[in-house]
Structure formats: structure tokens, C-alpha cells
Amino acid sequence: MKDTVRLVSTIHIQGRIEDVWREITKTDEPQLAFFGAQMFRLTLGPGSPVQMRTPDNKFTSVVGQILEVSPPHRFSHTMKFTAYDDPYCKVTYDLKEVGDGVEFTLTSEDIPAGTKTEKDMRRGGDFIVKTLKQIVETGKPALGTRILYGLFGLLGFMTPAKCKVEHWPLQEVPHG
């Protein structure tokens with residue numbers, strides 16, 4: 001078996017645990033901490049498929065399956081970038097009330113070493129936790145992040161065709 005990597009990003013967020021939980025599980029609007037993607041899922045429960053799609057619903061960037069839901073303390077799912085042929089890995093979001101806020105930890109594990117997935121997740125973990133902190137504490141991401149998201153929208157034509165939403169139906173994964 002190929003070597004795997006484990007990445008951990010932790011940050012203190014001044015805010016209510018319920019607000020942080022909502023930000024990481026909401027489906028009614030884009031999740032700005034997650035590169036402006038919108039979550040799609042059948043249910044918020046173990047076994048449900050989960051996807052992150054562009055706000056225009058044209059492309060699916062991430063697919064996976066929910067593993068654990070313990071509101072408002074833990075949310076875990078498998079994930080795979082649709083643009084890469086890399087295997088699935090696992091992400092876990094842990095929320096813990098501390099003092100005047102929440103200790104938020106994003107743990108990514110079983111990431112195949114030396115892959116494009118590892119490269120993107122190394123850069124993405126700290127970005128996600130810092131952006132989540134900005135959103136919960138101020139109501140919006142930093143200006144630079146908002147500009148970056150605008151560029152993502154302009155560069156949508158560069159997204160590989162294999163990421164089109166029709167190639168990634170949101171459905172239960174058969175077991176056995």
C-alpha cells in the first residue's frame with residue numbers, strides 16, 4: 001500500500017459552536033470557507049453521499065460519503081477531488097467549546113503521499129480554517145479571499161469536463 005499523509009489544522013474562533021457547525025454543514029448557500037463551493041447531500045447522516053459543487057451547479061469539485069455526524073462537535077466524511085484520479089481520503093471537523101469561542105480542528109488523513117490531492121490539501125487546510133474564522137467572527141471572508149473567489153468564477157471554463165455535475169450523480173453508494 002502506498003504511503004499516506006495526515007494533516008491537521010487548528011484555530012480558535014470567537015463565536016458560538018452552533019454558528020461554526022452551521023457553516024460547515026449548511027446546504028442552502030455556498031460555504032465560503034470551502035472555496036465558495038456549495039454542499040449537496042441526501043441527508044446529514046452516516047452513509048449519505050456528499051458533494052461540493054460550484055455555486056452555479058455546473059461542476060462537482062469533491063465527492064464523498066458521510067461517516068460520522070455528532071452535532072455540534074464532529075462531522076466526518078470521505079472525500080475525493082473529481083479532477084484527480086487519486087483515491088479517497090478522510091476529513092474530520094472537530095469543534096470544542098473553549099472559553100469565549102470554539103477550538104476548530106480540521107484533520108485530513110489517509111491522503112495518498114505525493115499526489116495532487118496531497119499538494120492541494122496541504123495548501124487548503126490552513127486556508128479553510130482561517131477563512132472559517134473570518135466568516136464566523138466578521139460575517140465574511142477577507143477581501144483577498146473574496147477577490148480569489150471572483151477569479152475562480154471567471155476561470156470556470158478551465159475546469160476539466162470530467163468534473164461536470166452530470167458525471168457525478170448524487171446517489172447512495174451501494175454496499176457489499
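These notes cover the structure that comes with them. Since the model is a prediction, treat every value here as computed from it, not as a measurement.

**Thoughts on the side chain of Q31**
In step 1: Counting through the fold element by element, Q31 comes out in the loop between α1 (17-25) and β2 (38-41).
In step 2: Residue classification places Q31 among the buried positions, given a relative accessible area of 1%.
In step 3: Q31 has contacts with E23, I24, T25, K26, G36, A37, Q38, M39 and M52, leaving out every residue within four places of it along the chain.

**Describing the environment of M39**
In step 1: Here M39 is to be found in strand β2.
In step 2: Placed 24 residues apart in sequence, M39 and V63 show a C-alpha to C-alpha distance of 9.8 Å.
In step 3: Setting aside residues no more than four positions away along its own chain, M39 makes contact with I24, T25, K26, T27, Q31, V50, Q51, M52 and F75.

**Some remarks on the sheet that holds strand β4 (residues 60-70)**
In step 1: Pairing is antiparallel across the open sheet formed by seven strands, whose spatial order is β1-β7-β6-β5-β4-β3-β2. Of all strands in the sheet, those bounded by a partner on one side alone are β1 (4-13) and β2. The sheet shows a mean angle of 25 degrees between the axes of neighbouring strands, direction not considered.
In step 2: As judged from the six bridges shared by β4 and strand β5 (residues 74-81), these two strands associate in the antiparallel manner. Bridging across to β5, V63 finds its partner in K80.
In step 3: Strands in contact with α1 are β1, β2, β4, β5, β6 (89-98) and β7 (101-112); relative to β6, the strand with the most contacts, it is inclined by about 165 degrees.
In step 4: In the packing of helix α2 (residues 116-138) onto the sheet, contacts are made with β1, β5, β6 and β7, and the angle to β1 comes to roughly 10 degrees.

**Remarks on α2**
In step 1: The end-to-end C-alpha distance of α2, which contains 23 residues, comes to 32 Å, matching closely the 33 Å that a straight helix rising 1.5 Å per residue would cover.
In step 2: Two residues or fewer after α2 comes G139, characterised by a positive phi angle close to 95 degrees.

Here is what the cut-offs are and how they apply
Residues numbered from 1 in each chain as written. Predicted model: local features only at pLDDT ≥ 70, side-chain atom pairs only at ≥ 80, totals over all residues. Heavy atoms only, no water. Helix = DSSP H or I, 4+ residues; strand = E, 2+ residues; numbered from the N terminus. Buried < 20%, exposed > 50% of the residue type's maximum accessible area, 1.4 Å probe, protein only. Contact = heavy atoms within 4.5 Å. Pairing = 2+ DSSP bridges. Axes fitted to C-alpha atoms, helices over the stretch in contact; angles between N-to-C directions. Expected span 1.5 Å × (residues − 1).

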